[in-house]
Amino acid sequence: MVVATPAHRGLIGPLSYRSELALSPGALVRVPLGRREVLGIVWDDPEDSIEPHPGERPVSAQLTGVAPLGVAWRRLVSFAASYYQRGLGEVALAALPPQLRDLSAEQLARRLRRRPGHDAPPTTSLGCAPPLTEQQQQALDRIEQEPGPFLLFGATGSGKTEVYLHAVSRALQSDPTAQALVMVPEINLTPQLLARFTERFGLDQVVAMHSGLTPAQRLRGWLAAHAGEARIVLGTRMAVFASMPSLRLIVVDEEHDPSYKQQEGARYSARDLAVLRGRLEGARVLLGSATPSLESWQASESGRYRRLEMPARIGAGSLPEVRLVDMNLQPRQTLLSSALLEAIGERIQRGEQSLIFLNRRGYAPVLACTACEWKSSCPRCSAFRVFHKLDRSLRCHHCGHAERVPRACPDCGNVDIAPMGRGTERLEEHLSELLQGVQGVGSDGQPRPVRIARMDADSTRGKGALEAQLEQVHAGEVDVLVGTQMITKGHDFRRITLVAAVNPDSALFSSDFRAPERLFALLMQAAGRAGRNAAQAASSQMWVQTFNPRHPLFAALRRHDYPGFAHGQLEERRVASMPPFAFQALLRAEAKTQQAALAFLQAAREATAGLPGAEYVTLYSPVPMAVQRVADIERVQLLVESDARPALQRFLAAWQPVLHALREPGMVRWAVDVDPLAV
Ligand code: ADP
Ligand code: ZN
Ligand code: ZN
């Protein structure tokens, strides 16, 4: 009997065990592996190679009470393992909740006995809310009538979420066991969405699936979905592997978001797997975004995806007017132009909110000595430690190394060390100085002091902090919200009439070819937070401070013209043979020295001659990664590219055993990243 197990001493395929009982494929079992006993899944797929296992040990126990994993689920896992070049057992086991892996058969049986009964009828109707707009109705009708996959290209505030809710409701009504999977980039950032789903469908119908849950919650949610008791799974990228026996619909909200790509282990794209899973299980797939990834946009241009368009905002709300501030014409060191400050002041006096974003947390990205060359470099990384003024620390955002700010320069003893550049803490501080003469209006109509709030990974660290801060914004208790990109995504803010990007230029000159795509999406999404209340939409504005006001990206932004921007970018990529017109993989190597990492990649490159598919792929020279050293580990990568996905896949599969056989002293680890997002 073939059992998928976690990787063990270089064995990555399923292993062979014996069992007296006839166990069905997909059954969960406990099996001995080395000196441990581990969770395994009975696997029967003849396509997966079997590693010979000396002695063929017996299966220890079956986890009764949990139905076997379905054939579609197993095919999804098989595909993901082979496409992303990882072990089958590793991918299969990582897709299960951690507690399921850790509990013995008896512990699990006890756990299952304690679960409440589930034969109670559903307590809620799969009811509906506001009447749909014409464009929402049309989108829904097409989702029902056509096969998909669909790309819902809907402006921010056009009511995409409402379309998801209705599509889910219709899918669930199609048969009494039907299930739907809804994926979102970061669930914690959008508590509103979870609330909308539970309000609509009832608490017992919806389970959440994300890394913020306790192990017990993860297990409970997983079991409920696996047993078909939960009709809706709402989760982050990991939810793409949720076991759902009657899956009918998969929704991927904000499908362009980079967080759908897993960045360690099996580096899968949950969005791409969602499309594949839909095909495997005959489930409809609905990807949605106001700023689709260029991959999905191109697929909708070529007809591979059906495009559903919702250009208009709900309730005659219009998108904000975009204003560019040419920072070349501002006095040196200007943080916020006077025109922008004035516009913020006017908003405050009218009782409206402003949102200012800067993609850098902390007070200043670097601390520098004014007398010598000292800067706050991280001793372990090729990066600067960031100055956090609130707790007077220097913190490395790459390795976490933190220290108190030195009183004097560690090199020359000069006491005058100064922050360079700015982060959100500093922006917040400056704003409160600059807005000192301005007064807000209280709910009683009386003047009151201006309230500025900051939201970033630091301010939202505590449990419930993020929800509390969002609540304050929604309740109108904040006049100006300062933060990183976390405030620009997804939120349905009703009182914001001004959004400003104070320093977005660095992305224009990044070596990453996807940087413009990401910046455009970020700015469009940020603009989408303003003017959501139709009564105020006419006066809503998006401000961008830039030293490059003539960049074509900003011209498209002013017109809110995603299709125009996408067209230009796709033409550039077509000419340069870049994704989505070419297919890429990265071989990443990490070693104690850069020399060792480079030597590994060189050897890997030289060992490709004659491999199947090799004539159709290009292997570039190994280069250090953008941040080349993190926590004293050197990081180097080699880009592999092909015009054809199957050729690249064939080549990678043949290369894999070659890579496993390479031995380079000083190497720490290597990994293949298929369809990498940052090249
Ligand atoms: P998107 O996800 O496209 O940004 P949302 O789904 O959040 O937009 O919708 C924006 C706002 O419009 C929400 O407050 C939502 O409740 C409201 N809304 C959506 N559809 C309708 C409708 N048909 N009638 C009235 N309000 C709607
Ligand atoms: Zn010094
Ligand atoms: Zn560091």
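Residues numbered from 1 in each chain as written. Chains lettered and ligands numbered in written order. Predicted model: local features only at pLDDT ≥ 70, side-chain atom pairs only at ≥ 80, totals over all residues. Heavy atoms only, no water.

Going by the annotation in an unreviewed UniProt entry, the name recorded for the chain is Replication restart protein PriA, with Ramlibacter aurantiacus given as the source organism. Under the heading Function (unreviewed entry), UniProt records this for the chain: "Initiates the restart of stalled replication forks, which reloads the replicative helicase on sites other than the origin of replication. Recognizes and binds to abandoned replication forks and remodels them to uncover a helicase loading site. Promotes assembly of the primosome at these replication forks." Taken directly from UniProt, the Subunit (unreviewed entry) text for the chain runs: "Component of the replication restart primosome." (UniProt positions renumbered as here; feature names shortened; annotations may be inferred.)

Thoughts on the confidence of the model for the chain
The predicted structure's coordinates, where accompanied by low pLDDT, should not be read in detail. Confidence in the prediction of the chain, expressed as mean pLDDT, is 91, and 95% of residues score 70 or more. Across the predicted assembly, pTM comes out at 0.93 and ipTM at 0.97. (pLDDT = per-residue confidence, 0-100.)

Examining the sheet that holds strand β25 (residues 541–546)
With parallel pairing, six strands are arranged side by side in an open sheet as β13-β25-β24-β14-β23-β22. Edge positions in the sheet fall to β13 (321–326) and β22 (452–455), since each has one partner strand and no second. Strand after strand, the sheet turns through a mean of 20° between neighbouring axes, direction not considered. With four bridges joining them, strand β24 (residues 496–501) and β25 adopt parallel strand pairing. Bridge pairing in β25 links A501 to V544. (Pairing = 2+ DSSP bridges. Helix = DSSP H or I, 4+ residues; strand = E, 2+ residues; numbered from the N terminus. Axes fitted to C-alpha atoms, helices over the stretch in contact; angles between N-to-C directions.)

Concerning the site of ligand 1
Near ligand 1 you find 18 residues, and of these P131, Q136, G157, K160 and D492 are the closest. In the environment of ligand 1, an oxygen atom lies 3.0 Å from a nitrogen or oxygen atom belonging to the side chain of T161. The side chain of R196 places a nitrogen or oxygen atom 3.4 Å from an oxygen atom of ligand 1. For ligand 1, the protein covers 78% of the area, taking 560 Å² as the surface of the free molecule. Considering each element in turn, the shell around ligand 1 owes the most residues, three residues, to helix α6 (residues 160–174). Residues of the shell around ligand 1, tallied by class, amount to five nonpolar, seven polar and six charged. (Near = heavy atom within 4 Å. Polar contact = N/O pair within 3.5 Å; in protein donor to acceptor, adjacent residues only side chain to side chain. Areas by Shrake-Rupley, 256 points an atom, 1.4 Å probe, with all protein chains shown as cover. Nonpolar A, V, L, I, M, F, W, Y, C, P; charged D, E, K, R; others polar.)

Quick notes on the coordination of the zinc ion (ligand 2)
Taken together, the protein ligands of the zinc ion (ligand 2) are C369 (SG), C372 (SG), C409 (SG) and C412 (SG), with distances of 2.2 to 2.4 Å. The site at the zinc ion (ligand 2) holds four donor atoms, and with the angles between them running 104 to 114°, its shape is tetrahedral. Read N to C, the donor residues that coordinate the zinc ion (ligand 2) are spaced as C-x2-C-x36-C-x2-C. Residue C369 is found in strand β15 (residues 366–369), and its partner C412 is found in the loop between β18 (402–404) and β19 (417–420); the two are separated by 43 residues along the sequence. (Donors = N, O, S within 2.8 Å, 3.2 Å for Na, K, Ca; no water. Tetrahedral: all angles 85-135°; square planar, octahedral: opposite > 155°, others 65-115°.)

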